Amino acid sequence: MPSFVTLGRRYGYLFCLLLANLSLLLPQAHPLRIGGAILLIGLLPGWLWATRLASPSLPLIRWTIAAGLSYTITCLALLLLNYLSGPISIWQTVITLNIVALIPALVRGAAKTPASQSPHRPIAIPLLLILVISLFLRAANLHYSEFQGDEALAMITAAEALEGHEDALFLRSKGPAEVLLPMAVWRLTGAINETAARLPFTLAALAAIVTIYSIGHAIGGARVGWLAAGFFAFNGFMVAFGRIVQYQALVVWFSALAFLLALEWQTRQQARLALLSGLFLGVGVLAHYDGILVLPAVGWLFLSPALAKFFPNLKSKWSGTSDGPGFTGSAKAIGIFLITFIASMLLFYLPFALDPRANRTGDYVGNRIGDDLRNNLPDFFHFNTFYSSFYYIVLTGLLILFFLVWLSRPNRWSRAIALPAAVACIVVIIKPDLLAITAIDLSFLPFALLFLTAFFASAFIPALLIWLAIPFLGYNFVVALGLTHIYTIVPAWSLLAAFGWVSLIDYLLAQNNTPSPRRWRDSPLPKGEETGVRGQNFTDSASSQPRQLNSLSLTSKNRWTDGLLLVLLMLSTLFFWNAFIRHEVEYWQDYPNGNLALFWTPYQSPPAAGFFGFAHRAGWKAVGQQLHDGALAGDYGSNEEPDVTTWYTRGAPRACDPQPEYYFLAGDLIDPVETPDDLISERYYQVGLVTLPNQKQMRIMQQRPTTLDLGQIDDAALARAFDRTATPAAFARSARGSQPSEATFGSAALGPLVRLVGYDLDTRRAYPGGRVPVTLYWQTLAEFPASYQIFTHLESEAGPVAQSDGVPVCWTYPTDTWRPGQIIADQHALSLSPDLQPGRYPLAIGLYLPDTFERLDRLDVAGNPAGTSLILETVDVRDEKIRN
């Protein structure tokens, strides 16, 4: 019979689930509705599953696993709903999540908590402090920064997928998880804003801190756990990626979960732990291909017991236990792990691989990798200094170097390799071209030797070394464009830095004959003293005898080490507050003036690319809402990248030519685009101005003669209105234009290829010397065998008097890359000669091959040729210009 506590927990869970569902009845984007939606996708669906599947060694891990399972359920549920035809509705989402959440309630029993672990152990105070500060650094002013380009693309894809575009997820070169989570939040809240969209990633970043703590605790005890959590939490990449709608926080968290569950399996040999490990790794790969980088490390944790069966001398060293699962248990776990990993991953990547887009993604990945060895260490240190401070990267780097050398001390040959290799690593960092003296850049060699020496010479867990070595060597010496993908090293980097810290402190105290605050003992610990679950054996620095690594005593007289850690924590908090939260002066946009003088850096400029999470705001919502309200109408150009402007203008036509109706000129830029400044000064006039609290401005310029005078625009009021109307339908690039059409183009041999489903035509400046923008909305019916160009002509008896021909979407989207069913908005603009005679001119459009000028036929209802062009309508070219 269930106990009172069990019944209380069960009904408490059902009550929370009910409240989360009821919150969805509140108005769109209401804060309580957002909170209920986050609970419904981020914790509640996996809670009961976690009690059935997981029996973690620490109660804190169960919360993390519950959150991980909830994210997994949400991603897989939305992915499967996306495969159904039609839009994804709120009731489909709610019912699916609730049914999956309640299935475990129908199953009796729960995973047992190990008897040796207390279910009521409190959270360590250092870990709690780390989590509180981390929450502040990741959530404060989360609403301030506008979406960056990659965020905007993810959100546009989410809108299209919610609105029924079944191919939306396949048009990207990344995994779908970063889209599926905003899809769930958006559909449950009704309208979206930057805070609501980013919250799932913020919470994933916080959960990753707990997961890193749990891994450190499992291997080396509580102090190693919270040290590792601290180094991880106060890494700039981890702060940045917890503040944006991107895959990185998911990759890191789910990779760490897969590693943690494999580590737990080594201790208890439960098949369900192998299942969870494979499931989490599969979701990590659904976030991005980077997730696969942890596979060798996780695989080693499952494989090492089987290797120990054939190599008995490796048993205590590499399997971590003298009576492990053996070959049969290891083989069974590997099988379960691989099945769940592959099955969860293939839910997306199998249909994606069968899609023509997969070949282009393969080319993209191949170009990023390159085919030569190189030395990217200058970029590595530039990025880390910019994101985390020079002090952080130097401190943690030296700690890891020390620890790898220290691991190599047990015998003479390993010491003879490790110490010179470490020195060589430092020299290569200072002089990157030192080993680039042959056709092959050998800069990787000292780092590889150091990793290999530590791997073979020490009793330390090899999987952790593998976890760091593969992404570190790969992105620094193999991949051509690693950029910020070096974030993949941070989990293992943080863990090894923590071990380096405790090892260095112990070594220094031993040299001074000072009682070490961390005791490495062969004898059992006093009752109540925490030890690492794994119980790894290490070599004593004085006697070279194996002794057990245990946690540092918090009651030690050597408080100076804790004081130093507190100073480092305060410095890191100050650095990240300045970089990511402060916005009256923006760290990235105003660099180097935005950098505090306290944080010295050898770099006078930011990296060339790869800026995420930093404070920035241009005033785009004010522009977008003016377009939505009709105060602004017409095409535009901008000095900001198209991805950002497409989101905030909600798909308004961006001109291909240099003379659009408007120019939106931002003072705070994500990815600047060159604009014709002389032409703007000569032919455009400022009709509106958005001034932000930090005095940066957005200028709205209209072509002369102007028709508007917006004056000073109220950014705050328009931003609130923008958020209230931010529904998926408003952003899905599926518009068919104000003028419908059903014209089909193809040929007798190829059949129907494409249909014009609508168009927009702006004739306000249809006068001699003016300009006529037209946007065509094409829907693909079949794959194009070649790249056709689009022509738009103003016809006369003597031939075209104005024309705009070219590859669709401003020469960026060839027809042979279009997918069947996709709707493409294709912008053109006809520049009218000053000598053009007023009159009525037919506007004709069509498609042709640029090599032969052979046109596609316009097909009638029966599929027969009915000409090679379509007359949209007749344009009346007036004799007078528009008036002010």
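Residues numbered from 1 in each chain as written. Predicted model: local features only at pLDDT ≥ 70, side-chain atom pairs only at ≥ 80, totals over all residues. Heavy atoms only, no water.

*Asks:* For this particular structure, what's the right way to read a nonpolar patch on the surface?
*Replies:* Judged by side-chain polarity, Leu373, Trp413, Ile417, Ile440, Leu442, Leu445, Leu449, Leu452, Phe456 and Val478 come together as a nonpolar surface patch covering roughly 830 Å² of accessible area. Going through the elements one at a time, α20 (412-430) and α21 (445-457) are the ones with two or more residues in the nonpolar patch. Here the nonpolar patch takes 4 residues from α21, the largest share from any one element. (Patch = residues over 30% accessible without salt bridge, like charges linked within 9 Å, V, L, I, M, F, W, Y side chains within 5 Å. Areas by Shrake-Rupley, 256 points an atom, 1.4 Å probe, with all protein chains shown as cover. Salt bridge = Lys/Arg side-chain N within 4 Å of Asp/Glu carboxyl O. Helix = DSSP H or I, 4+ residues; strand = E, 2+ residues; numbered from the N terminus.)

*Asks:* Looking at this structure, how should I read the side chain of aspartate 826?
*Replies:* If you trace the backbone, aspartate 826 turns up in strand β13 (residues 823-831). A polar contact of 2.6 Å, which involves the side chain of aspartate 826, links it to the side chain of histidine 828. Among all residues touching aspartate 826, those that are not within four sequence positions of it are Val774, Thr775, Leu776, Trp778, Ile790, Pro808 and Val809. (Polar contact = N/O pair within 3.5 Å; in protein donor to acceptor, adjacent residues only side chain to side chain. Contact = heavy atoms within 4.5 Å.)

*Asks:* How do you make sense of the packing of aromatic side chains when you look at a structure like this?
*Replies:* Describing an aromatic ring pair means giving the distance of the ring centres and the angle of the ring planes. Going through the model one piece at a time under the given rule, you end up with 66 aromatic pairs. Between phenylalanine 170 and phenylalanine 348, the aromatic rings sit 5.5 Å apart at their centres with planes inclined by 5 degrees, giving stacked as the arrangement. Remark: phenylalanine 348 occurs in helix α16 (residues 326-353) and phenylalanine 170 occurs in the loop between α7 (149-162) and α8 (177-189); sequence separation between them is 178 residues. Across the pair, exposure class does not vary: phenylalanine 170 and phenylalanine 348 are buried alike. Note on phenylalanine 254 and phenylalanine 280: the rings are 5.8 Å apart at their centroids and 55 degrees apart in plane angle, and the pair reads as tilted. Residue phenylalanine 254 is found in helix α12 (residues 248-268), and its partner phenylalanine 280 is found in helix α13 (residues 271-287); the two are separated by 26 residues along the sequence. (Phe/Tyr/Trp six-rings, centres within 6.5 Å; stacked < 30°, edge-to-face > 60°. Buried < 20%, exposed > 50% of the residue type's maximum accessible area, 1.4 Å probe, protein only.)

*Asks:* Even after reading the chapter, I still don't get the pattern of salt bridges, so can you show me in this structure?
*Replies:* If charged atoms from side chains of opposite charge come close, those side chains can pair. Under the defined criterion, the tally for this structure stands at 18 salt bridges. In this structure, the salt-bridge partner of arginine 268 is glutamate 264, at a minimum N-O distance of 2.8 Å. Pair noted here: arginine 268 and glutamate 264 are both in helix α12, with a separation of 4 residues, about one helical turn. Here arginine 268 and glutamate 264 have matching classes, each one buried. Between lysine 696 and glutamate 586 there is a salt bridge, with the nearest N and O atoms lying 3.3 Å from each other. Residue lysine 696 is located in the loop between β5 (684-691) and β6 (697-703), and its partner glutamate 586 is located in the loop between α24 (560-581) and α25 (620-629); the two are separated by 110 residues in the primary sequence. One continuous salt-bridge network, built from bridges that share partners, spans Glu586, Asp590, Asp668 and Lys696.

*Asks:* Looking at this structure, how should I read helix α28 (residues 715-724)?
*Replies:* The set of residues buried in α28 consists of Asp715, Leu718, Ala719, Ala721, Phe722 and Asp723. Looking at the buried side of α28, the elements it contacts are α9 (194-220), α25, α26 (642-648), β5, β7 (711-713) and α29 (728-731). With a side-chain oxygen positioned 3.3 Å from the backbone nitrogen of alanine 716, the residue opening α28 is aspartate 714.

*Asks:* So what exactly am I meant to see when it comes to the sheet that holds strand β8 (residues 739-747) here?
*Replies:* The strands making up a sheet associate through backbone hydrogen bonding, with each pair oriented either parallel or antiparallel. Taken in spatial order, the 5 strands make up an open sheet running β13-β10-β9-β8-β15, and their pairing is antiparallel. Each edge of the open sheet carries a strand with a single partner, namely β13 and β15 (857-859). Across this sheet, the average inter-strand angle for adjacent strands is 35 degrees, counted without regard to direction. Inspection of the sheet shows strand β10 (residues 771-780) paired to β13 by 9 bridges, in the antiparallel sense. (Pairing = 2+ DSSP bridges. Axes fitted to C-alpha atoms, helices over the stretch in contact; angles between N-to-C directions.)

*Asks:* How should the confidence of the model for the protein chain be read in this particular structure?
*Replies:* Detail in the predicted coordinates should be disregarded across regions flagged by low pLDDT. Mean pLDDT over the protein chain works out to 87, with 86% of the residues at or above the 70 mark. Long-range and interchain partners of residues 316-322, a stretch whose pLDDT sits below 50, account for 20 contacts in this model, where long-range means more than four residues apart. (pLDDT = per-residue confidence, 0-100.)

*Asks:* So what exactly am I meant to see when it comes to the sheet that holds strand β14 (residues 839-848) here?
*Replies:* The antiparallel open sheet is built from 4 strands, whose spatial order is β12-β11-β14-β16. Pairing within the sheet leaves two strands with one partner each, and these edge strands are β12 (799-806) and β16 (870-877). Going from strand to strand, the sheet's axes swing by 20 degrees on average, the running direction of each strand aside. As paired elements, β14 and β16 share 7 bridges and run antiparallel to each other.

*Asks:* Please clarify how a negative patch on the surface should be interpreted in this entry.
*Replies:* Negative charge collects at one region of the surface, where Glu674, Asp677, Asp678 and Glu682 lie side by side. By the secondary structure assignment, glutamate 674 is in the loop between β4 (662-666) and α27 (677-683). (Lys, Arg positive; Asp, Glu negative; His and termini not counted. Charge placed at Lys NZ, Arg CZ, Asp CG, Glu CD.)

*Asks:* Honestly, the environment of glycine 711 in this entry has me stumped. Any pointers?
*Replies:* On the secondary structure map, glycine 711 appears in strand β7. The exposure class assigned to glycine 711 is partly exposed, which follows from its relative accessible area of 31%. Along the chain, glycine 711 and valine 690 lie 21 residues apart, while their C-alpha atoms are 8.7 Å from each other. Apart from the residues within four sequence positions on either side, glycine 711 is in contact with Val687, Gly688 and Leu689.

*Asks:* In this structure, what is going on with the state of the cysteines? I would like to understand it.
*Replies:* A covalent bond between the sulfur atoms of two cysteines is referred to as a disulfide. Under the criterion given, the structure shown has 1 disulfide. In this model, cysteine 656 is linked to cysteine 810 through a disulfide, with the two sulfur atoms separated by 1.9 Å. Between cysteine 656 and cysteine 810, the S-S torsion sits near -80 degrees, and that sign places the bridge as left-handed. A residue pair is termed long-range when its members are at least 10 positions apart, and cysteine 656 in the loop between α26 and β4 and cysteine 810 in helix α30 (residues 808-811) qualify at 154 residues. Classification of cysteine 656 as partly exposed rests on a relative accessible area of 41%. (Disulfide = S-S within 2.5 Å.)

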